[in-house]
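The chain contents come next:
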Amino acid sequence: MKQFLKYTSLSILGTMGMSCYILADTFFIAQGMGTDGLAALNLAIPVYNFIYGAGLMLGMGGAIKFAILKSQGNQKQIDRVYTNVIYMAIVFSVLFTSLGIFGAQSLARMLGAEGIVLEMTTTYLKWLLVFSPAFIFNNIFICFLRNDEAPQLSMMAVLFGSFTNIIFDYIFIFPMKMGILGAVLATGTSPAIGILLMSKHRRDKKNSFHLVKERLYADSIKQTLSLGFPSLIGQLAAGITMIVFNFLILALEGNTGVAAYGVVANISIVIIGIFNGIAEGVQPLVSDNYGTGNKKEIRSLHKYSMFMMA
């Protein structure tokens, strides 16, 4: 029970801190750019869900396998899994970054942006996608650190990144008057700072996962993607739901309606973060007990989780 409370509480703090990336943008963009800025942000947010989902799929999928192998003492397979996750992260990063550089405006049009909102949405999407490697690798390292008995460090990295985002949002949008560009630069810088903080663990002697010279293994890729796929589905569902609502509200109320919906939708991200935090927090404990065959403890962890969510 003590371990359960420790991991879930730290995870909840982390997921709520991460959700503040977008919430801080909502507040400062509303103050600095008004309705058009909020509309542009809300039209672009579903793409953040897709990027975040890709990183979470790789991070959760790889970390689940890592925790099971760690409980079994299989160091060679641990390094292979981690290395293959990094390879896949590079592939996803190249795809998202290329889309940002070459297709941001077309994507903004597809999402319903027009006029001045089109320009703002294009800017936000372009730089959001360019920063996608930071979001993806940040999620991967958070998941692996949480499964490597370092939940405090992963939580602190997320919270410090969120705090930095708030400070940069204010500086870039108001004193520097960078507008929507300042908002997305602040958001993109935050996970990069988190990665720098978490790099301390990779230099630690207690670190259990290492990047090694390995080729891509089809079995490793398949296992990682299948284990992490539910995490991706959750983010895709949220993104697609927001896209559908954006189109409906655009038709009924225009950009003002989308801006109003964006405020409510982005607040809901924080609430959802509580439940995601419970699920992500209990995962290392479940994976560890699964690796050792302790089914009784797994059932207990499930009961604790259901009680906390209720």
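Residues numbered from 1 in each chain as written. Predicted model: local features only at pLDDT ≥ 70, side-chain atom pairs only at ≥ 80, totals over all residues. Heavy atoms only, no water.

**A closer look at the packing of aromatic side chains**
Next up, step 1: Taken as a whole, this structure holds 15 aromatic pairs when the rule is applied.
Next up, step 2: Note on phenylalanine 137 and phenylalanine 141: the rings are 6.1 Å apart at their centroids and 40° apart in plane angle, and the pair reads as tilted. Of this pair, phenylalanine 137 and phenylalanine 141 both sit in helix α4 (residues 132–147), separated by 4 residues, roughly a single helical turn. For the pair phenylalanine 137 and phenylalanine 141, one class covers both residues: buried.
Next up, step 3: Aromatic ring contacts, followed pair by pair, group Phe27, Phe28, Tyr170 and Phe174 into a single cluster.
Next up, step 4: Between arginine 80 and the ring centre of tyrosine 217, over which it is positioned, the NZ or CZ distance is 3.8 Å.
Next up, step 5: In this arrangement the basic side chain of arginine 215 is found over the ring face of tyrosine 217, its NZ or CZ atom lying 4.0 Å from the centre. (Phe/Tyr/Trp six-rings, centres within 6.5 Å; stacked < 30°, edge-to-face > 60°. Helix = DSSP H or I, 4+ residues; strand = E, 2+ residues; numbered from the N terminus. Buried < 20%, exposed > 50% of the residue type's maximum accessible area, 1.4 Å probe, protein only. Lys NZ or Arg CZ within 6 Å of the ring centre and 35° of its normal.)

**Here we look at the packing of helix α7 (residues 218–292) against helix α8 (residues 295–309)**
Next up, step 1: The interhelical angle for the contact between α7 and α8, taken along N-to-C directions, is 175°, at an axis separation of 10 Å. Taken together, the axis directions place α7 and α8 in an arrangement best described as roughly antiparallel. Note on element contacts: α8 touches α7 through Glu297, Ile298, Leu301, Ser305, Met308 and Met309, opposite Phe275, Ile278, Ala279, Val282, Leu285, Val286, Asn289 and Tyr290.
Next up, step 2: When the residues that make up the contact of α7 with α8 are grouped by side-chain class, the tally is 11 nonpolar, 2 polar and 1 charged. (Axes fitted to C-alpha atoms, helices over the stretch in contact; angles between N-to-C directions. Parallel < 35°, antiparallel > 145°, perpendicular 65-115°, else oblique. Contact = heavy atoms within 4.5 Å. Nonpolar A, V, L, I, M, F, W, Y, C, P; charged D, E, K, R; others polar.)

The values reported here are purely geometric and, on their own, carry no functional implication.
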